[in-house]
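Analysis of the macromolecular model
Now for the letters of each chain:
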Amino acid sequence: MPSLYRRVVGALGQYLTPSDVKSLRRVISQGIAEGHYGRDRFGLNSLIHRLQTVELMADAVSPDRSISVALMLAPLAQSGFLSQEDILNEWGDDISAIVGGLIRVDSLYQKTASVESDNFRNLLLTFAQDIRVIITVIAERLQLMRAINHHPDEAAVKSVAAEARYLYAPLAHRLGLYAIKSELEDLSLKYSNREVYSRIAHDLNQRKEARDAYIADFIAPVKKKLEDAGLKFDIKGRTKSISSIWNKIQKQHNDLDHIYDLFAIRVIIDTPPEREKPDCWLAYSIVTDMYKPNPARMKDWISIPKSNGYESLHTTVSGPQGRWVEVQIRTRRMDLVAEKGLAAHWRYKGIKGEKGLDTWMNNVRDILETAESGPMELMKNMSMDVYSDEVFVFTPRGDLHRLPKGATVLDFAFSIHTKLGCQCAGGRVNGKNRKINHRLQSGDTVEINTSAQQTPTRDWLQFVVTSKARTKIRQVLNEAQNRRADLGRETLGRRAKNRKIDLDEPTLMRFIKKLGFKTVTDFYAAIAEEQLDANRVLEQYTEFATPDEAPADDRRSAEGFVLQNEDDSAGGKSSDVLVIGSAHLKGMNYKMARCCNPIYGDSVFGFISSDGVVKIHRSDCPNAANIRERYPYRIIPTRWSGAGDTAFPATLSVTGTDDIGIVTNISSVINKEKDIQLRNISIDSLDGLFRGTLTVGVNSTRALDALIKKIKTIKGVKTASRLK
């Protein structure tokens, strides 16, 4: 360990002051003496592991003072040897913040969450709060994978390999840490499929001598031409990473002998910034003049760099013996970006749909490109608040759920399952009981408490924030309202039957509207909830259906009424097609009753109202029995006379399949009838069925019956009948 520590201090010489080195030695020695550097689940000493990680980062990333010191202090903070206040006072707020980020990230793994989730990656970024913490975590994971080769716990090793493949290698790639990304992928393949890894490695080793000779033959003439052009450069050959070769074998369904660009030639040009593009294209033209290029394999990432800052010219050419060789052309600066992922050239492409993270990383790049100080120095001002509008919450089993900011325990319950949400009575958040409206924070572990007696209420809509919760609550409330409405409908129907009152649907609809209800469902639900008394409703309905049919205290006989002449009537109608009373009575004023809308041909009777106008009712009118029972002395015989040439309103009920065009077909049939006019149509559809109410102007029952028969023949119509 002493030699390792000396190597680390030597590698960080430009970042650490003598005072830093002295303080680190003191605090680390105390931590070792008191046993605060423990071992992890793989048996690795935490201090040695952190020192090796710092050494790795010094070589691959060029870390700053804060990252290096924080890495070595974090185990002591986790063990309780150092407090955040101790670190803040002695080392400053920047190191203290990174240590806090490392501890928060480590706490995620204590929840045994699956990292193979976009939510886990997003929560990792949220918990880190500093991009330097993410870089450190990636490097630490690479060092762990280097250390666990041949570890006896194969399941744990494969789990780490899966995490590297799914989470850390893609993050390293998007941050431009290509060397780290390639090694993570190679080790992941090695631990998850050692047979494939070993076979490819063995094949590559067997071909190494021939491959080196071929690369030398390829490079020699290219090198001479580049020198003749006056370019300063390095040129070298390299073999593709094993994981990259395996991906190509799977993608192209080939073996190792038939893989394009199994190895690559890299030309690295030393040139000032203003000459970068011209010199790269000059080198490209020299190479492609010597060797025939494959146009389909040309990639220009100099004119338009990759979204993570990668810049290079790639072309695949046919070399000696007709073998394909990939040639990469870049400048020294571009190569440094590709190898170490300089922060000055980061730009996060982002996962589709996550524009906030993309914008944030773009801003990082813009700021760092104009910076005069080191990139890591500026990174401390970059907060990872790209997911500030969201929270990430764990289940007790470690499953991770993504919710909008402000989400409550109830939102979380509905995100898991509708039934759980409907019966949610609260929850245990991080071990403490909380109400259903408790607002959640990222990293909370939530266990839902349920009650069989719990049901959604309208109050829930006041504090839930997710659309799923709102939709499900409204759906349950509507279903409950419909059940209450069915009960109210049944109650009113039963009471009406007991009192021998026929409820005419059109009249009832007008009556409900008059009472001020927006929907029929609300009306019937009010009856079920006893907000309305069913008996009182029926009394009001009867008065509404026969509004001016004589007051209860008016007991005059029919002889006491003076029948008005046509000239005396106010908007009345002279008897022309009706014989009211004796045949010699002429000029009597009458009105067709709205409760039953009689038409020519119906069996009818007259009812003398208090204003002397005769109301004409159908004999089967819903109110006929009530009128005959209460006012027999006001009934006057009435019959039709003459020809039916006057248009009377009649209402039809039509039901059928909710097919496109069925309403048009019904309207077409009505319009073809010479003496029938369509006055109004109302259609409701539900679950593939429709119910329509039609009002037509018709001159006789014979014409109406004929129309009903024609409507019944229309394809999709199930029933058609006249409403009473």
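1. As for the overall build of the protein chain
A tally of helices and strands in the protein chain yields 26 helices and 21 strands. For the protein chain, buried positions account for 48% of its 724 residues. Pairs at least 24 apart in sequence give 67% of the contacts found in the protein chain among residues at least 6 apart. In the structure as shown, the protein chain presents an accessible area of about 36,200 Å², 48% of it carried by carbon and sulfur atoms.

2. Details of helix α21 (residues 505-515)
Helical geometry: 3.6 residues make up each α-helical turn, so side chains three or four residues apart lie on a common side. Turning to α21, its buried residues are Thr 507, Leu 508, Phe 511 and Ile 512. Down the axis of α21, the smallest arc covering the buried residues is 140 degrees, so these residues share one side. In this structure, the buried residues of α21 make contact with α22 (520-528) and α23 (534-545). Looking one or two residues past α21, Gly 516 carries a phi angle of roughly 100 degrees, positive in sign.

3. Quick look at the environment of Ser 682
Assignment of secondary structure puts Ser 682 in strand β19 (residues 677-686). Residue class for Ser 682 comes out partly exposed when judged on its relative accessible area of 38%. When the C-alpha atoms of Ser 682 and Ser 653 are compared, they prove to be 9.8 Å apart, with 29 residues separating the residues in sequence. In contact with Ser 682, not counting residues within four places along its chain, are Arg 691, Gly 692 and Thr 693.

4. With respect to the sheet that holds strand β9 (residues 424-429)
In space, the three strands of this open sheet follow the order β10-β9-β11, with antiparallel pairing throughout. In the strand order of this sheet, the two ends are held by β10 (432-434) and β11 (446-450), each with one partner. Averaged over all pairs of adjacent strands, the angle between their axes in this sheet comes to 30 degrees, without regard to strand direction. As paired elements, β9 and β10 share three bridges and run antiparallel to each other. The partner of Val 429 across the bridge, within β10, is Lys 432.

5. Remarks on the packing of helix α20 (residues 467-498) against α23
Two measures define how a pair of helices packs: the angle their axes make with one another and the distance between the axes. Contact geometry of α20 with α23 gives a least axis separation of 10 Å together with a crossing angle of 65 degrees. The element α20 and its partner α23 pack so that their crossing is right-handed. On the side of α20, the interface is formed by Thr 491, Leu 492, Arg 495 and Ala 496, while α23 contributes Ala 534, Asn 535, Val 537 and Leu 538.

6. So, unusual backbone geometry
At His 150, a residue that is not glycine, the phi angle is positive and equals roughly 65 degrees. Looking at the element boundaries, His 150 is found in the loop between α8 (131-147) and α9 (154-174). Judged by its relative accessible area of 62%, His 150 falls in the exposed class. Phi is positive for Gln 321, which is not a glycine, with a value near 65 degrees. Within the secondary structure, Gln 321 is located in the loop between β5 (313-318) and β6 (324-331).

7. Some thoughts on α8
If you check α8, its first and last C-alpha atoms are 25 Å apart, about what 17 residues at 1.5 Å a residue would give, namely 24 Å. Judged by how many residues are buried, α8 sits mostly within the fold: 15 of 17 residues are covered.

8. Some details on the sheet that holds strand β20 (residues 689-698)
As summarised here, the arrangement of the four strands in space is β19-β20-β18-β21, forming an open sheet in which the pairing is antiparallel. Each edge of the sheet is formed by a strand with only one pairing partner; in this case those strands are β19 and β21 (717-722). Strand-to-strand twist of the sheet, defined as the mean angle between neighbouring strand axes without regard to direction, takes the value 15 degrees. Across nine bridges, β19 lies against β20 in antiparallel orientation. Note that in β20 the partner of Ser 685 across the bridge is Phe 690. With respect to the sheet, helix α26 (residues 701-712) is in contact with β18 (648-657), β20 and β21, its orientation differing from that of β21 by roughly 170 degrees.

9. Points about the side chain of Gln 143
Structurally, the position occupied by Gln 143 is in helix α8. With relative accessibility at 8%, the residue Gln 143 sits in the buried group. With residues near it in sequence (within four places) discarded, Gln 143 still touches His 49, Gln 52, Thr 53 and Leu 56.

10. Points about the packing of aromatic side chains
Tallied over the full model, the rule gives nine aromatic pairs. Here the aromatic rings of Tyr 600 and Trp 640 are separated by 5.3 Å at their centres, their planes lie at 55 degrees, and the arrangement is tilted. Taken together, the residues span a long stretch of sequence, with Tyr 600 in the loop between β14 (589-592) and β15 (604-608) and Trp 640 in strand β17 (residues 635-640) at a distance of 40 residues. Residues Tyr 600 and Trp 640 agree in their burial class; the two are buried. Each residue in the set Phe 511, Tyr 541 and Phe 544 is aromatic and connected to the rest through ring pairs, giving one cluster.

11. Quick notes on the confidence of the model for the protein chain
Averaged over every residue, the pLDDT of the protein chain is 79; residues scoring 70 or more account for 82%. Helix α16 (residues 355-369) is the least confidently modelled element of the protein chain, averaging 43 in pLDDT, while helix α14 (residues 276-290) averages 94, the highest of any element. Here residues 377-387 is a poorly scored stretch, pLDDT under 50, and it has 42 contacts once near neighbours within four places are set aside; other chains count. Across residues 548-575, where pLDDT falls below 50, the model places 51 contacts with residues more than four positions away in sequence or in other chains.

12. What to know about the pattern of salt bridges
By the definition in use, this model includes 22 salt bridges. Taking the shortest distance from any N to any O, the salt bridge between Arg 333 and Glu 311 comes out at 3.0 Å. Taken as a pair, Arg 333 in helix α15 (residues 332-340) and Glu 311 in the loop between β4 (299-300) and β5 lie far apart in primary sequence, 22 residues in all. A relative accessible area of 10% places Glu 311 in the buried class.

13. Points about the environment of Gly 443
Structurally, the position occupied by Gly 443 is in the loop between β10 and β11. For the pair Gly 443 and Leu 400, spaced 43 residues apart in the sequence, the C-alpha separation amounts to 9.0 Å.

14. Quick word on the environment of Tyr 214
Relative to the helices and strands, Tyr 214 is located in helix α12 (residues 208-228). As a C-alpha pair, Tyr 214 and Arg 323 span 109 residues in sequence and 9.8 Å in three-dimensional space.

15. A word on the nonpolar core
Core analysis: the largest hydrophobic core is formed by 65 residues, its most contacted members being Leu 24, Leu 73, Ile 138, Ile 180 and Leu 184. Residue contacts for Leu 73: discarding those within four places in its chain leaves Leu 24, Val 27, Leu 82, Ile 87, Trp 91, Ile 95 and Val 99. Counting 32 residues, the second largest nonpolar core, distinct from the first, contains Met 588, Ile 636, Val 654 and Val 696.

16. A look at a nonpolar patch on the surface
A grouping of Val 663, Ile 681 and Ile 683 is seen on the molecular surface, where their side chains present a nonpolar patch of about 180 Å² in accessible area. Take Ile 683: it is sitting in strand β19.

17. So, the packing of helix α1 (residues 2-11) against helix α3 (residues 46-60)
Relative to each other, α1 and α3 sit at 35 degrees, their axes nearing to 9 Å. Like other packed secondary-structure pairs, α1 and α3 cross with a definite hand, here left-handed. Counted together, Leu 4, Tyr 5, Arg 7, Val 8 and Ala 11 of α1 and Ile 48, Leu 51, Gln 52, Val 54, Glu 55 and Ala 58 of α3 form the full contact between these two elements. For the contact of α1 with α3, a count of residues per class yields eight nonpolar, one polar and two charged.

Parameters at a glance
Residues numbered from 1 in each chain as written. Predicted model: local features only at pLDDT ≥ 70, side-chain atom pairs only at ≥ 80, totals over all residues. Heavy atoms only, no water. Helix = DSSP H or I, 4+ residues; strand = E, 2+ residues; numbered from the N terminus. Buried < 20%, exposed > 50% of the residue type's maximum accessible area, 1.4 Å probe, protein only. Contact = heavy atoms within 4.5 Å. Areas by Shrake-Rupley, 256 points an atom, 1.4 Å probe, with all protein chains shown as cover. Arc of directions from axis to C-beta. Pairing = 2+ DSSP bridges. Axes fitted to C-alpha atoms, helices over the stretch in contact; angles between N-to-C directions. Left-handed = near helix turned anticlockwise from the far one by under 90°. Expected span 1.5 Å × (residues − 1). Phe/Tyr/Trp six-rings, centres within 6.5 Å; stacked < 30°, edge-to-face > 60°. pLDDT = per-residue confidence, 0-100. Salt bridge = Lys/Arg side-chain N within 4 Å of Asp/Glu carboxyl O. Core = buried A, V, L, I, M, F, W, Y, C linked by side-chain atoms within 4.5 Å. Patch = residues over 30% accessible without salt bridge, like charges linked within 9 Å, V, L, I, M, F, W, Y side chains within 5 Å. Nonpolar A, V, L, I, M, F, W, Y, C, P; charged D, E, K, R; others polar.

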